[in-house]
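# Close look at the chain arrangement
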Amino acid sequence: MSDHPGFIKKYIFSTDHKVIGIQFLISSLVFMVAGGLLAMLMRWQLGWPGQPLAFMEKIAPEGMPGGVMVPEYYNMLFTMHGSIMIFFGIIPLLVGAFGNYLIPLKIGAPDMAFPKLNALSFWMFIPAALIVLSGFFLEGGAAASGWTAYPPLSALKETMGIGQTMWVAGVIVLGFSSIFGAVNYIATILNLRAPGMTFHRLPISIWMLFTTAILTLLATPVLAASMVLLLLDRTLGTSFFLPAGMIVNGEMLAHAGGQAILWQHLFWFYSHPAVYIMILPSMGFVSDVLPTFARKPIFGYKAIAYAGVAIGGVGFMVWAHHMFQAGMNPALGTTFMISTMVVAVPTGVKIFSWLGTLWRGSIRLRTPMLHALGFISMFLIGGLTGIFVASTPVDMLLHDTYFVVGHIHYVLFGGSLFGAFAGITFWFPKMFGRMMGERLGKIHFWLTFVLFNVVMFPMFVLGIGGMPRRIYDFTQYAGLVHFLQINRVMSLAAFGLMASQFLFAFNFFWSMFLGKKAGDNPWEATTLEWTVPSPPPHGNFAGPVTVHCGPYEYSVPGAKKDWTMQTEKSLGKGH
Amino acid sequence: MLLPESASTYAPRVDQLFWIILGITGFFFFLVQACLLLFILKYRDRPGQKASYVHGSTLVEIVWTVIPALILVGLTIASQKVWAEIRYPSLAPATSLQVEILAEQFAWNVRYPGPDGQFETPDDISTINQLHLPVGTPVKIHLRSKDVIHSFFVPEFRMKQDAVPGLPQQIWVEASKAGQFEIRCAELCGLGHYRMKGFVTTEPLAEFQAWLTETKANE
């Protein structure tokens, strides 16, 4: 690479892990805004079923003729909301953006092991998203069989149009992007650590990204394979997921010999680990942020690190807890209930260890810390509500109701996204050399925290009351009409929650150019990325890096300052 | 409060588990949130506040691993007992009453075998979206699907079971009180999913028998 690469080479087709990380960051945030706007349309329909929304007639003349939503369009909205948020929002944000940006900087490496593969990973992610989204502009509209795409609904031309085919194709492309990224992370963490950076001196965020990469590498090929089978069922008339004797629109279909539930096993074999792919990195960021702002070593470093690995390992054995009522042998339900209960133990260990980190600290309530504390508080609810649906009999009532919608949003928004906000606000000064506006950051946190709870907490009540998810007009059911008022309140809060995110976007771009200069180490933190300039130059480190102590040496007795960098020798016992 | 009314013999057993889990998770919810709030208030970085240099405590870590593990073992055993009772075919109550529910986009086809106890015979009794069940007698339900996956969900029974094409399911229910309840499809099945609604009427055995006779006469 020349010393002065042109704009395109430097910012577009770069192989620098930092540029690729920021590319993933900004594009995933853009996709999340899109996914959020789809959710707003759903909230409109749920709060005011069948009421016209005049301006939507121009934007989606077929989905909302006269501004009134049709059922097919509602199905597309929740399908694409889930798909965008999971595949093109949270996973690329947590894994693509932070994995790329942080791994080399935090382990003392000049770049990723395979920089070109890294760039390819990003440049497969963008087309994948465009292919999936293209469904909105094709005949019959976008995929509408849910982000879980259960066949036969998703597999038949009679029930789903070309948009579903594009969805499948796009997810296959995305799968390769994820696999390339995972190979890269694993190779980098195993081989490019600076001298002295032993595994037990790695920041917890790197432990979690490493575990995530292993999950991605082992699980994504299964997703890709099952998507290929679904594509064959859709396009070439095979019957992997299609049994004999189906009658659709009065005609007996020619398919025979397949098994609809097979898809669910394959899909959840990827998608349950994917839930951990979406939460473990955030757990890592929070584990980096808490000690920094509590000025205290993390409580139980090894317990937190190995609990994360355990969550990843057991996470491969819990997939069929999504299928307790799906028609599999009830004895299998028992097996998966046991493994699911087991996974709650390491999760609890982490939460208690974070509390232990705060105990007798000296807590600085800056914006990243607020988001990290918000993460603990909200992820706790996500975790605890998981125990209800882990219990097979209670799941008979709660499965596929709003209780599950609430549960997943407390995990993925309350958990993953608050963790991501903590991460963005924490590493923003390193990425762009400037501080984010603190005041605006705090206002954004409090609005998000309060409104999020007003939107999501009532979902538990709706679910327990028997309201199924993915319902275009729940007032069809006499027994659910009394939930209309509460849905209106949720919708209003959702509009406020969405609007609050533009405060964050404004703060992000304003601070990028006009924020206060950050300096190398604005948070007085200890890990390697804070030893280099902000933003770090190409190649990251000016000279050889040697690591002498653990990642969280705060408030070491006898030390001159209350933080000891990993490049310094610690006077304490944190080796 | 919170839960829908209960109208099957196993609903109270499910509800009991629900309340136990709510109690336990509620306790940990308040415990953790209270500690969080307390620590934030107590250990703010006021002048003179100094953080302790502590890396952990093996004893404390063992305690907060083992106690939740024991609680979860208890919950698993309690859940398994109820699950087996409701779902294991070997433990299903013996009964001669049967009904077949064939789900399709977007309706519930209900069929009773009639006096001969056999399906596919001339004395079968068929309805659409109207399921009648006697109170106090277990009924075996044969659940099938004609096209895509649907899910038979009656909140008041605390029963949900997917209807899967090519994979017939058997469940049972014993209604515990008379009334009318909704069948809500709980698995996305296409554009009419939201209106795939049926009704369950639970009534005394004599009325149920009379309804069967009357329905047959009107066919």
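Now for a look at the structure at hand. (Residues numbered from 1 in each chain as written. Chains lettered and ligands numbered in written order. Predicted model: local features only at pLDDT ≥ 70, side-chain atom pairs only at ≥ 80, totals over all residues. Heavy atoms only, no water.)

Under the definition given, this model contains 21 salt bridges over all chains. In this structure, the salt-bridge partner of A:Glu438 is A:Lys442, at a minimum N-O distance of 3.6 Å. Taken together, the positions of A:Glu438 and A:Lys442, both in helix α15 (residues 438-464) and 4 residues apart, correspond to about one turn of that helix. A relative accessible area of 22% means that A:Glu438 is categorised as partly exposed. Put simply, B:Glu100, B:Arg111, B:Glu120, B:Asp124 and B:Arg144 are held in one network by salt bridges that share partners. (Salt bridge = Lys/Arg side-chain N within 4 Å of Asp/Glu carboxyl O. Helix = DSSP H or I, 4+ residues; strand = E, 2+ residues; numbered from the N terminus. Buried < 20%, exposed > 50% of the residue type's maximum accessible area, 1.4 Å probe, protein only.)

Turning our attention to the sheet that holds strand β8 (residues 169-173) of chain B. Residue and element names in this part refer to chain B. In space, the 5 strands of this open sheet follow the order β3-β2-β1-β5-β8, with mixed pairing throughout. Two strands lie at the open edges of the sheet, namely β3 (125-128) and β8, each paired on one side alone. Taking the axes of each pair of neighbouring strands and ignoring which way they run, one obtains an average angle of 25 degrees across the sheet. When strand β2 (residues 107-112) meets β3, the two strands line up antiparallel, connected through 4 bridges. In the sheet register, Val-110 faces β3, and the bridge partner there is Thr-127. Here helix α3 (residues 205-218) sits on the sheet in contact with β2 and β3, set at roughly 90 degrees to β3. (Pairing = 2+ DSSP bridges. Axes fitted to C-alpha atoms, helices over the stretch in contact; angles between N-to-C directions. Contact = heavy atoms within 4.5 Å.)

All names here are of chain A. Going through the model one piece at a time under the given rule, you end up with 73 aromatic pairs over all chains. Geometrically, the ring pair formed by Phe-267 and Trp-268 is edge-to-face, given 5.1 Å between the ring centres and 85 degrees between the ring planes. Note on Phe-267: relative accessible area 0%, which makes it buried. A ring pair is formed by Phe-375 and Phe-379, whose centres lie 5.5 Å apart and whose planes are at 10 degrees; its orientation type is stacked. Placement of both Phe-375 and Phe-379 in helix α12 (residues 367-390) is noted, with a separation of 4 residues, approximately one turn of the helix. Both residues of the pair, Phe-375 and Phe-379, count as buried. For the cation-ring pair, Lys-561 lies above Trp-563, with the distance from its terminal atom to the ring centre recorded as 5.3 Å. (Phe/Tyr/Trp six-rings, centres within 6.5 Å; stacked < 30°, edge-to-face > 60°. Lys NZ or Arg CZ within 6 Å of the ring centre and 35° of its normal.)

Okay, the interface of chain A and chain B next. Contacts between the two partners involve 100 residues from chain A, matched on the other side by 77 residues from chain B. Between chain A and chain B, the buried area comes to about 7,700 Å², and carbon and sulfur atoms account for 69% of it. Sorting the residues of chain A by area buried against chain B places A:Phe352, A:Met396 and A:Tyr477 first, and these three jointly supply 10% of that buried surface. The tally of links between chain A and chain B comes to 0 salt bridges. One can count 28 residue pairs in polar contact (both at pLDDT 80 or more) joining chain A with chain B. Class assignment of the residues belonging to the side of chain A that touches chain B gives a composition of 60 nonpolar, 28 polar and 12 charged. (Buried area = accessible area lost by both parts, 1.4 Å probe. Polar contact = N/O pair within 3.5 Å; in protein donor to acceptor, adjacent residues only side chain to side chain. Nonpolar A, V, L, I, M, F, W, Y, C, P; charged D, E, K, R; others polar.)

Here we take up the sheet that holds strand β4 (residues 130-134) of chain B. In any sheet, the strands associate via hydrogen bonds between backbone groups, in a parallel or an antiparallel arrangement. Residue and element names in this part refer to chain B. Strand order in the open sheet made by the 5 strands is β4-β10-β9-β6-β7, with mixed pairing throughout. Since the sheet does not close on itself, it has two edges, and those belong to β4 and β7 (159-163), each with one partner. Within this sheet the neighbouring strands show an average axis-to-axis angle of 25 degrees, counted without direction. Examined bridge by bridge, strand β6 (residues 150-154) and strand β9 (residues 179-185) share 2 bridges and lie antiparallel to one another. Bridging across to β9, Phe-153 finds its partner in Arg-184. Docked against the sheet, α3 engages β4 and β10 (197-203), running at close to 145 degrees with respect to β4.

Attention now moves to helix α6 (residues 162-191) of chain A. Its 30 residues place the ends of α6(A) 44 Å apart at the C-alpha level, agreeing with the 44 Å of an ideal helix rising 1.5 Å per residue. Along α6(A), 22 of the 30 residues are buried, which leaves the element largely enclosed by surrounding structure. (Expected span 1.5 Å × (residues − 1).)

These figures come from the coordinates and say nothing about function on their own.
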